[in-house]
Amino acid sequence: KGQADGLVAVADEVQKDVEALRGWTFKRPIKKQLTKVDEMRQYLERQTDRSLPPGRLQVVQAFLRTIGLIPANTDLKTTWLALLEGQVAGFYDPETKTMHLVARDGLPPFVERIMLAHELTHALDDQYADLEAFTKARQNATEDLDLASESVVEGSATALMIQYATRAMVSGRIDQKALEQYAQQEAERSKTFLDAPRYFSAMLGSYICGALFLAKGPLMALALAPDDKPIGEALLAARKDPPQSTEQILHPEKYWDAANRDQPVVIDDLAATKWLAQAGRWIVHADTVGEMLIAVLTSPRGAGRNLLALQSPDAWTNVPASGWGGDRFYLLASGETADAARTALTNLKGVWVTAWDTPKDRDQFVAALPQGSLASGAVADTAGTSLAVVYFGVDDSERAALTARLREAPLPMTQAGRPWISRQ
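So, here's what we can say about the structure. (Residues numbered from 1 in each chain as written. Predicted model: local features only at pLDDT ≥ 70, side-chain atom pairs only at ≥ 80, totals over all residues. Heavy atoms only, no water.)

### Some remarks on the overall build of the chain
Part 1 of the argument: Secondary structure assignment for the chain yields 18 helices and 11 strands.
Part 2 of the argument: A burial count over the chain gives 52% of its 424 residues as buried.
Part 3 of the argument: Considering only residue pairs separated by 6 or more positions, the chain has 75% of its internal contacts joining residues 24 or more positions apart.
Part 4 of the argument: Within the structure as shown, the chain displays about 18400 Å² of accessible surface, and the carbon and sulfur contribution to it stands at 54%. (Helix = DSSP H or I, 4+ residues; strand = E, 2+ residues; numbered from the N terminus. Buried < 20%, exposed > 50% of the residue type's maximum accessible area, 1.4 Å probe, protein only. Contact = heavy atoms within 4.5 Å. Areas by Shrake-Rupley, 256 points an atom, 1.4 Å probe, with all protein chains shown as cover.)

### Section: the sheet that holds strand 3 (residues 98–102)
Hydrogen bonds between backbone atoms are what pair the strands of a sheet, whose relative direction is either parallel or antiparallel.
Part 1 of the argument: The three strands lie next to each other as 1-3-2, forming an open sheet whose pairing is mixed. Pairing within the sheet leaves two strands with one partner each, and these edge strands are strand 1 (31–35) and strand 2 (90–93). Sheet twist, expressed as the mean angle between neighbouring strand axes with direction ignored, is 25°.
Part 2 of the argument: Note: strand 1 against strand 3, five bridges, orientation parallel. By the bridge assignment, Thr35 is partnered in strand 3 with Val102. (Pairing = 2+ DSSP bridges. Axes fitted to C-alpha atoms, helices over the stretch in contact; angles between N-to-C directions.)

### Notes on the packing of helix 14 (residues 269–276) against helix 18 (residues 396–408)
Part 1 of the argument: In the contact formed by helix 14 and helix 18, the axes pass within 10 Å of each other and the chain directions differ by 135°. Relative to helix 18, helix 14 is oriented oblique. Crossing angle aside, the handedness with which helix 14 passes helix 18 is right-handed. Between helix 14, through Lys274, Trp275 and Leu276, and helix 18, the contact on the second element is made entirely by Leu402, Arg405 and Leu406.
Part 2 of the argument: Looking at the contact of helix 14 with helix 18 residue by residue, the class counts come to four nonpolar, no polar and two charged. (Parallel < 35°, antiparallel > 145°, perpendicular 65-115°, else oblique. Left-handed = near helix turned anticlockwise from the far one by under 90°. Nonpolar A, V, L, I, M, F, W, Y, C, P; charged D, E, K, R; others polar.)

### Structural notes on the environment of Leu374
Part 1 of the argument: Within the element layout of this structure, Leu374 appears in the loop between helix 17 (359–368) and strand 8 (379–383).
Part 2 of the argument: Separated by 18 residues in the primary sequence, Leu374 and Phe392 place their C-alpha atoms 9.3 Å from one another.
Part 3 of the argument: With near-sequence residues (within four places) excluded, Leu374 lies in contact with Ile67, Gly68, Leu297, Arg301, Trp352, Leu369, Val390 and Phe392.

### Structural notes on the packing of helix 7 (residues 143–171) against helix 15 (residues 290–298)
Helix packing geometry: the angle between the two helix axes and the distance between the axes.
Part 1 of the argument: Contact pair helix 7 / helix 15: the axes reach a minimum separation of 7 Å and the direction vectors enclose 110°. For the element pair helix 7 / helix 15, the angle class is roughly perpendicular. Counting all contacts with helix 7, which are made through Glu143, Asp144 and Leu147, the residues of helix 15 involved are Gly290, Glu291, Met292 and Leu293.
Part 2 of the argument: Partitioned by chemical class, the residues of the contact of helix 7 with helix 15 number three nonpolar, one polar and three charged.

### Describing the nonpolar core
Note that soluble globular proteins tend to have their nonpolar side chains buried in a common cluster.
Part 1 of the argument: Grouped together as the largest cluster of nonpolar side chains are 88 residues, with contacts concentrated most on Ile67 and Trp352.
Part 2 of the argument: Ranked by size, the runner-up nonpolar core spans 21 residues in total, among them Tyr330, Leu387, Leu402 and Trp420. (Core = buried A, V, L, I, M, F, W, Y, C linked by side-chain atoms within 4.5 Å.)

### Some thoughts on the pattern of salt bridges
Part 1 of the argument: Counted under the stated rule, the structure contains 20 salt bridges.
Part 2 of the argument: Two residues, Asp269 and Arg328, come together in a salt bridge whose shortest N-O distance is 2.8 Å. Taken as a pair, Asp269 in helix 14 and Arg328 in strand 6 (residues 324–334) lie far apart in primary sequence, 59 residues in all.
Part 3 of the argument: The class of Asp269 is partly exposed, set by a relative accessible area of 28%. (Salt bridge = Lys/Arg side-chain N within 4 Å of Asp/Glu carboxyl O.)

### Things to note about the side chain of Thr354
Part 1 of the argument: Mapped onto the secondary structure, Thr354 falls in strand 7 (residues 346–356).
Part 2 of the argument: Polar contacts involving the side chain of Thr354 include one to the side chain of Trp356, which spans 2.8 Å.
Part 3 of the argument: Polar side-chain contacts of Thr354 include one of 2.8 Å to the backbone oxygen of Ala388.
Part 4 of the argument: Those residues within four positions of Thr354 in sequence are excluded, and the remaining contacts are Gly326, Asp327, Phe365, Ser386, Leu387 and Ala388. (Polar contact = N/O pair within 3.5 Å; in protein donor to acceptor, adjacent residues only side chain to side chain.)

### Topic: the environment of Tyr128
Part 1 of the argument: Looking at the secondary structure, you find Tyr128 in helix 5 (residues 109–129).
Part 2 of the argument: Separated by 102 residues in sequence, Tyr128 and Phe26 place their C-alpha atoms 8.8 Å apart.
Part 3 of the argument: The contact partners of Tyr128, leaving out residues within four places of it in the chain, are Trp24, Thr25, Lys27 and Leu236.

### A closer look at the packing of aromatic side chains
To describe a pair of aromatic rings, one takes the distance between the centres and the angle between the planes.
Part 1 of the argument: All chains considered together, the criterion is met by 11 aromatic pairs.
Part 2 of the argument: Ring plane angle 90° and centroid distance 4.7 Å describe the contact between Tyr255 and Trp256, whose orientation is recorded as edge-to-face.
Part 3 of the argument: Since its relative accessible area comes to 23%, Trp256 is described here as partly exposed.
Part 4 of the argument: Put simply, the rings of Phe63, Phe329 and Phe392 touch in pairs and so form one group of aromatic residues.
Part 5 of the argument: Directly above the aromatic system of Tyr128 lies the positively charged group of Lys27, at a separation of 4.5 Å from the ring centroid.
Part 6 of the argument: Here the basic side chain of Arg261 rests over the ring of Tyr255, its NZ or CZ set 4.0 Å away from the ring centre. (Phe/Tyr/Trp six-rings, centres within 6.5 Å; stacked < 30°, edge-to-face > 60°. Lys NZ or Arg CZ within 6 Å of the ring centre and 35° of its normal.)

### A closer look at helix 11 (residues 229–240)
Part 1 of the argument: For helix 11, with 12 residues, the first-to-last C-alpha span of 17 Å sits near the 16 Å given by 1.5 Å per residue.
Part 2 of the argument: Taken together, the buried positions of helix 11 are occupied by Ile231, Gly232, Ala234, Leu235 and Ala238. Buried residues of helix 11, seen end-on, are gathered within an arc of 165° and therefore sit on one face of the element. Exposed residues pointing more than 90 degrees away from the buried face of helix 11 are listed as Glu233 and Lys240. (Expected span 1.5 Å × (residues − 1). Arc of directions from axis to C-beta.)

### Some details on helix 6 (residues 131–138)
Part 1 of the argument: Looking only at helix 6, the buried set comprises Leu131, Glu132, Phe134 and Arg138. Along helix 6, the residues classed as buried sweep out an arc of 165° about the axis, all on the same side.
Part 2 of the argument: Where helix 6 is buried, its residues meet helix 2 (37–51), helix 5, helix 7 and helix 11.

Okay, structure coming up:
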């Protein structure tokens, strides 16, 4: 009971700081409860099962392996849970409106406070922006949209956490030793993600890039801002009119400048289904990769990651990815019926249609693929002036036939509801 009372008292103190920074007050009390590490693991597993239920887990894992975002022997759920377990010192459950306080041995008190500031911001945001409804409405749409949504939610909490830490340093509430402990703790937390397959590092990117997206400016300006009120206002705006891609997160001007907002190109799935039709073969999963993950795929194999450099959005994109217009990946499998194919996931193949802002952007993407981390055997063809199609496991004769048909009759595509035809 003493440990629980101590953690609750700390959380109550941090809660007041969070309210003062954001300029919002909690509309209703939130329950605070001490949660054991094994109970936290069970919660994380339930959340993972919700976002990747049986059936979906298998096809998403197959998609990520086929394109090369995770190695062929990587178990998606096991790796994801292992990464999350090491990051949590507390978590807010929006369903029960409970702040769970997880006691971890050896965690520096200041680090504990910073993590609580992050999670309490989620609790505060939920009361003003209904994060639970926001997340549920967009969950499992595409990899790209999931990351964009995650960036909004985590960016808000990360922005306030940065300001909380900065004020504690400036005010002298944290001494040099505690600061060094915090820096070491953050480096270890980040290193865990950076040592994992590069796909998982995008989660770290959503925190950093999301904060800068909402701040509409550099990290230093965010850290030294007089308060966190503009972040709250930006969160409410993004909640009302959500960003549609990681491109908008990585390049905030492509979202916040309404007159020049860069909406993603949407590829017609029905037309693509007819284009790829073959007896006994079915599309078992369709997904959008987006700029942030394309940067992962087009970065040279074995490229190191500098922890300091990761504080800039430039660290999460690159030249081959930054001209992205839109994309759609189709995972194909064999079977007598679509359900049978989706269950068995045999004879897997992939066809990835990508649309680019300019011919130069398309050509830079194609040129970068051989040095990147695409699954082995992938072959890229071009079509029109600004399209590239990447094939995985498709034999040369079928690939040539599919590309020829695409050149003769381009797939219908739209951008902001209008036909996207001028650059095909």
